[in-house]
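# Inside the fold
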Amino acid sequence: MKLKGSDMVISALEHEKVTTVFGYPGGAVLPLYDSLYDSSIKHILTRHEQGAAHAADGYARASGKPGVVFATSGPGATNLVTGIANAYMDSVPVVFVTGQVSTPFIGTDAFQEADITGITLPITKHNYLVKDVGELPRIFKEAFHIATTGRRGPVLIDIPKDVQNAVGEFVYPENVDIPGYRPTIEGHPGQINRMAKAIKASRRPVIIGGGGVVSSGSGKYLLELAEKGQIPVSLTFMGLGGVPGSNPLFLGMLGMHGTKAANYAVMEADLIIAIGMRFDDRVTGSLDSFAPHAKVIHVDIDPAEIGKNIAVDIPIVGDVKKTLKRLMKVFKAGQTEKWLERIKSWKTEEYDGATDKDSLKVPNIIEAISRLTTDRKTIVTTDVGQHQMWTALHYCFEEPRTLVSSGGLGTMGYGFPAAIGAQTASPESTVFCIAGDGSFQMNIQELATAANYNIPVKVAIMNNGYLGMVRQWQELFFGKRYSSTTLSGSPDFCKVAEAYGIAGIRVDSPGKVEEAINRALSVQGPVVMDFHVEPEGNVFPMVAPDSPLDEIMDGRDGQ
Ligand SMILES: Cc1ncc(C[n+]2csc(CCOP(=O)(O)OP(=O)(O)O)c2C)c(N)n1
């Protein structure tokens, strides 16, 4: 069949079962938007390309399906860059389609020209500049395959305007054949046997699950391993929801803002069973002191992660789910009763500083949101800062894909557009965006998107008047020299919401929290809740950067 290039793009998306695209038009994608006009694919017009990128990323995390973004050349494409890097750092499958100036103009500094394949080379899993309309079907097939297999990640396809307008033969390929790209899916059986033996011999094992547990859909198998082996489980921030937060074997998150139980357990463990995680510095603390008594088993789909930060005794490259399934066939439990007793004693030591009921404290608000949403399917997105870490510590994530947050890149402004994407992917869910007053202002323009499409996300701003996490570091590590962390000049967020036709609810006192959350839950459309919280609360527990995980500041005595 002969098709115009821009029609091929739409047809390729239909073959890939794409139902929603997030984007923003412009000169270099006019043919593409014209083809979209006749299509049944839903387009959500955000108010900034970064919003589209984060929304598609939130859509992908909530659904497990790839997100898709359209943007024009030049500034449209460069406005995507943070969103692309964000998806790359957290291994999220998003396909970005950008317009480019026509091929004869490439390299001439033409109007709205930017070398977006060059710019995004280090932050995409792969990218393409399409030079010939005949390549479009193969490139789209490959792009979706690369984005959604192995270690997932963003792929960008840059299409010059003349290629969008050219006509070519369209046959959508059934298979892909990419020399040099064959992710290892099956973990080596011999290594899995060694893994089983090491677990049987261990007396103090700890499982650390990461984002790979969530993205591979293997939470159920991880839980089976934990329960059959009576092995305590900690999760990285990206792994939260991988096993139910209420399970007695769950230790909480580990690392810089990890629980005492998780961090002490890692430091005393004789075996670390690392599953789909990458030993990020926020997880390990100082590498020299990490898990000093432990053998390390590391299962990951990406061979480049194995041995990158931590020496590994039993490396296994493969899909987490397949590996765990095979492991369970040969698995025998070790003896962990004494170990679990010891861990129980640490759990009683947890302290979060949220006991003062007189002031409006973020942990209490998050616990209330957690409690009042147990009866419904809920997805929580966050921005970046103190409120994000408090969410990790105080919201009980019971299911995978219920936390949508920027882990690796730590991108302020992610939470609200990601909530729009998550809500689009999962209309039946209640979607909360827990935001900071700083972060929310980075993509506040997306209120128009929520209003326009009546996307009923519940935004809960933890309004402390500060760039709180930076203020906390200035307090703890820079002698209280508060440099440019006060957010004077912020607007009344309820009035801003109301200006967009969105309900605003202001909360100033602890006694009003539950009523406000219930009211927000009863509103059919989007809501902005503006919680005026204690200005100078700090997130504890905290391990100072590059310190051993058992050197925990818990906020008592100002430490
Ligand atoms: C785009 C971006 N710029 C800067 C930072 C550095 N940063 C990390 S946390 C933070 C403060 C966030 O403030 P707010 O959103 O109000 O949340 P809070 O910490 O007060 O909960 C800043 C500036 C970042 N993570 N992302």
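One can find the structure itself at the top, above this paragraph.
Quick notes on the rules
- Residues numbered from 1 in each chain as written.
- Predicted model: local features only at pLDDT ≥ 70, side-chain atom pairs only at ≥ 80, totals over all residues.
- Heavy atoms only, no water.
- Near = heavy atom within 4 Å.
- Polar contact = N/O pair within 3.5 Å; in protein donor to acceptor, adjacent residues only side chain to side chain.
- Helix = DSSP H or I, 4+ residues; strand = E, 2+ residues; numbered from the N terminus.
- Nonpolar A, V, L, I, M, F, W, Y, C, P; charged D, E, K, R; others polar.
- Buried < 20%, exposed > 50% of the residue type's maximum accessible area, 1.4 Å probe, protein only.
- Salt bridge = Lys/Arg side-chain N within 4 Å of Asp/Glu carboxyl O.
- Pairing = 2+ DSSP bridges.
- Axes fitted to C-alpha atoms, helices over the stretch in contact; angles between N-to-C directions.
- Contact = heavy atoms within 4.5 Å.
- Phe/Tyr/Trp six-rings, centres within 6.5 Å; stacked < 30°, edge-to-face > 60°.
- Parallel < 35°, antiparallel > 145°, perpendicular 65-115°, else oblique.
- Left-handed = near helix turned anticlockwise from the far one by under 90°.

Before going further, it helps to spend a moment on the site of the ligand. In the vicinity of the ligand, 17 residues are found, and the nearest of them are Q386, H387, G410, S439 and G468. The contact in question runs from an oxygen atom of the ligand to an N or O atom on the side chain of D437, over 3.0 Å. Between G438 and the ligand, the recorded distance is 2.8 Å, taken from a backbone N or O atom to an oxygen atom. Mapped by element, the contributors of at least two residues to the shell around the ligand are helix 17 (386–394), helix 19 (437–440) and helix 21 (468–477). Residue composition of the shell around the ligand, by class: seven nonpolar, nine polar and one charged.

What follows deals with helix 17. Every α-helical turn comprises 3.6 residues, leaving residues that sit three or four positions apart pointing alike. Most of helix 17 is tucked away: eight of the nine residues are buried. Residues of helix 17 that are buried: Q386, H387, Q388, M389, W390, T391, A392 and H394.

Turning next to the pattern of salt bridges. Within the structure shown, the criterion is met by 23 salt bridges. When the shortest N-O distance is used, the salt bridge between D281 and R282 registers 3.3 Å. Accessibility expressed as a relative area gives 41% for R282, which makes it partly exposed. The network of salt bridges with shared partners includes R151, D302, E305 and K308.

The next point concerns the sheet that holds strand 10 (residues 233–235). A sheet is described by the order of its strands in space; here six strands give the open sequence 11-10-9-12-13-14, paired in parallel fashion. Of all strands in the sheet, those with a lone pairing partner are strand 11 (250–253) and strand 14 (314–317), marking the two edges. Averaged over all pairs of adjacent strands, the angle between their axes in this sheet comes to 15°, without regard to strand direction. Looking at chain direction, strand 9 (residues 205–209) and strand 10 are connected through three bridges and run parallel. Counterpart to I207 in the pairing with strand 10 is V233. Along the sheet face, helix 12 (residues 260–268) touches strand 9, strand 10, strand 11 and strand 12 (271–275) and points at about 105° away from the line of strand 11.

The subject of this paragraph is the packing of aromatic side chains. Using the criterion set out here, one finds ten aromatic pairs in the structure. Measuring from centroid to centroid gives 5.9 Å for F22 and Y59, while their planes differ by 65°, and the two rings are edge-to-face. Of the two residues, F22 is situated in strand 2 (residues 20–24) and Y59 in helix 3 (residues 49–63); the sequence distance between them amounts to 37 residues. Exposure remark for Y59: the relative accessible area of 6% places this residue in the buried category. Ring centres of F279 and F290 lie 5.8 Å apart, and the angle between their planes is 80°; this geometry places the pair in the edge-to-face category. Taken together, the residues span a long stretch of sequence, with F279 in the loop between strand 12 and helix 13 (281–284) and F290 in the loop between helix 13 and strand 13 (295–300) at a distance of eleven residues. Owing to a relative accessible area of 2%, F279 belongs among the buried residues under this scheme. Exposure remark for F290: the relative accessible area of 7% places this residue in the buried category. Aromatic rings pair up to connect Y264, W339 and W346 into one cluster.

What follows is about the packing of helix 1 (residues 5–15) against helix 2 (residues 30–37). Two numbers describe how helix 1 lies on helix 2: the axes approach to 8 Å, and their chain directions differ by 55°. As far as their axial angle goes, helix 2 and helix 1 are oblique. When you trace helix 1 past helix 2, the crossing you get is right-handed. On helix 2, the residues that touch S6, D7, V9 and I10 of helix 1 are P31, L32, S35 and L36.

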